[in-house]
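# Remarks on the overall topology
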Amino acid sequence: MNSPVKSSLLLLATAFVIVFSSCEKDSDPVSAEDAATIEKAKQSLSSQQLILSSFNIAQRGAEKANELTNGNEIEERTDTCGSVTVTPPDLVFPKVVTVDFGSGCTDADGKFKAGKVILTVGAFWESGAQIIVAYDNYEEDGVKVEGQFVFTNQSTATAAILRIDAQNIKLTDPNGYTFAFSGNQTYTQIDGHPTWWDWHDDIYEVTGSIFTTLTNGETVNWLIQTPLEKANACYYVSKGTGILDINGLEVLVNYGNGNCDNKGTLTINGQVYPFTM
């Protein structure tokens, strides 16, 4: 497996559901209109977090499929929960990789995961090769996930590049509320390529868009404005901005200035509300 693709398949994990805390201007409460917009933004932005979470699981499965963990001096990750099985257990591709979280366990990213994630892994060192990620009764923090992601290798000689297509993703929370999304994003490695064996120093830029249908049938478009920055050594998106178009209202999302934390801001009609991932 060449170094760009291998580097691209080594960790990226982050939170799945975003919890917003609104700030008050002086002692005035948040308006009902802004509160409704915040809730819609919360639902829509959880799709961004799911893509990152699923990417992390895909990396883990790809490691096992190519026997990278112990065979090529790649550090074995011991902070993940659940079990991984690979068939067929030889050099034939594609392989089926099952990541089984059983009845539930807390993973490295702090999320409680249950059920199975099924990966169909192609010869991903080849240009155009794919990893398909699907779900079997899978939940994160009680939120059921359905649909699939398709990861396509578009790497160059100098950087790992993966296109991620979200296909018919549906999320259902413990209260029965659902929303669906589709879209595509590109992950481009911007640092860490020379030290391909060390995933800790890899950093990626994320571009693209997501189209969400909320529980009430409304649609929200999420377009990354300045590339999001995600370091393998950090569980959170630490930098970048995007625009949520909620029924014609543009809401600015700012993930910060590069610090590794779970903070960001949401701007609605000039009023800034902090959020915590």
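Summary of the structure given here. (Residues numbered from 1 in each chain as written. Predicted model: local features only at pLDDT ≥ 70, side-chain atom pairs only at ≥ 80, totals over all residues. Heavy atoms only, no water.)

## Things to note about the overall build of the protein chain
When you go through the protein chain residue by residue, the secondary structure sums to three helices and 15 strands. Long-range pairs, those at least 24 residues apart, make up 51% of the contacts in the protein chain between residues at least 6 apart in sequence. Counting only carbon and sulfur atoms, one obtains 49% of the accessible surface of the protein chain, whose full area is about 11,800 Å². (Helix = DSSP H or I, 4+ residues; strand = E, 2+ residues; numbered from the N terminus. Contact = heavy atoms within 4.5 Å. Areas by Shrake-Rupley, 256 points an atom, 1.4 Å probe, with all protein chains shown as cover.)

## Describing the environment of I132
Relative to the helices and strands, I132 is located in strand 6 (residues 130–140). Classification of I132 as partly exposed rests on a relative accessible area of 27%. Along the sequence, I132 and F149 sit 17 residues apart, while their C-alpha atoms lie 5.8 Å from each other. The residues contacting I132, other than those within four sequence positions of it, are I118, L119, T120, Q148, F149 and V150. (Buried < 20%, exposed > 50% of the residue type's maximum accessible area, 1.4 Å probe, protein only.)

## Brief notes about the packing of aromatic side chains
All chains considered together, the criterion is met by nine aromatic pairs. Each ring, one from F93 and one from W125, has its centre 5.1 Å from the other, and the planes form 90 degrees; the classification is edge-to-face. One end of the pair, F93, is in the loop between strand 2 (83–87) and strand 3 (95–100); the other, W125, is in the loop between strand 5 (112–121) and strand 6, and 32 residues separate them in sequence. A centroid spacing of 6.4 Å and a plane angle of 45 degrees characterise the contact between F149 and F181, whose relative ring orientation is tilted. Placement of F149 in strand 7 (residues 143–153) and of F181 in strand 9 (residues 178–191) is noted, with a sequence separation of 32 residues between them. Accessibility assignment for this pair places F149 and F181 in one class, buried. Taken together, F55, F151 and Y187 form an aromatic cluster joined through their ring pairs. Against the face of F93 rests K95, its NZ or CZ located 5.0 Å from the ring centre. (Phe/Tyr/Trp six-rings, centres within 6.5 Å; stacked < 30°, edge-to-face > 60°. Lys NZ or Arg CZ within 6 Å of the ring centre and 35° of its normal.)

## Concerning the pairing of strand 12 (residues 237–246)
Summarising burial for strand 12: eight of the 10 residues are buried, a large majority. Here strand 11 (residues 219–231) hands over to strand 12 after five residues, the two strands then running antiparallel side by side. Two elements, strand 12 and strand 13 (residues 249–257), share seven bridges in a ladder whose sense is antiparallel. Counterpart to K239 in the pairing with strand 13 is N257. In this antiparallel pair of consecutive strands, strand 12 and strand 13, the connection spans two residues, and N247 shows a positive phi of 55 degrees. (Pairing = 2+ DSSP bridges.)

## Here we look at the nonpolar core
Among the nonpolar cores identified, the biggest contains 56 residues, and V117, L119, V133, F149, F181, L244 and Y255 are the most heavily contacted of them. No other element matches helix 2 (residues 32–65), which puts 11 residues into this core. Leave out the neighbours within four places in its chain, and L244 touches A41, S44, L45, V220, N221, W222, L249, E250, V251 and V253. (Core = buried A, V, L, I, M, F, W, Y, C linked by side-chain atoms within 4.5 Å.)

## Observations regarding the state of the cysteines
Here, the word disulfide means a covalent bond between the sulfur atoms of two cysteines. Enumeration according to the criterion identifies two disulfides in this entry. Paired through a disulfide, C81 and C105 show a sulfur-sulfur distance of 2.2 Å. Taking the torsion about the sulfur-sulfur bond, which here is approximately 75 degrees, the covalent link between C81 and C105 counts as right-handed. Remark: C105 occurs in strand 4 (residues 105–106) and C81 occurs in the loop between helix 3 (68–71) and strand 2; sequence separation between them is 24 residues. Under the relative-accessibility criterion, C81 is labelled buried at 11%. Covalently, C234 is tied to C260 through a disulfide, its sulfur atoms 2.2 Å apart. (Disulfide = S-S within 2.5 Å.)

## Let's talk about helix 2
The end-to-end C-alpha separation of helix 2 is 50 Å, in line with the 50 Å expected for 34 residues at 1.5 Å each. Extensive coverage of helix 2 is indicated by the burial of 26 of its 34 residues. (Expected span 1.5 Å × (residues − 1).)

## Some thoughts on the side chain of T37
Turning to its location among the elements, T37 is positioned in helix 2. What makes T37 buried here is its relative accessible area of 9%. The residues touching T37, leaving out its near neighbours within four places in the chain, are I246, L249, V251 and I268.

## Looking at unusual backbone geometry
With an omega dihedral of -10 degrees, the bond running from T87 to P88 counts as a cis peptide bond. Note that P88 resides in the loop between strand 2 and strand 3. Cis geometry marks the peptide bond from F93 to P94; its omega dihedral reads 5 degrees. As for its position among the elements, P94 is in the loop between strand 2 and strand 3. With phi around 55 degrees, N247 is a residue other than glycine that occupies positive phi space. Inspection of the secondary structure assignment puts N247 in the loop between strand 12 and strand 13. The backbone of N269 shows a phi angle near 50 degrees, a positive value even though the residue is not glycine. Positionally, N269 belongs in the loop between strand 14 (263–268) and strand 15 (271–276).

That is the geometry; function is a separate question.
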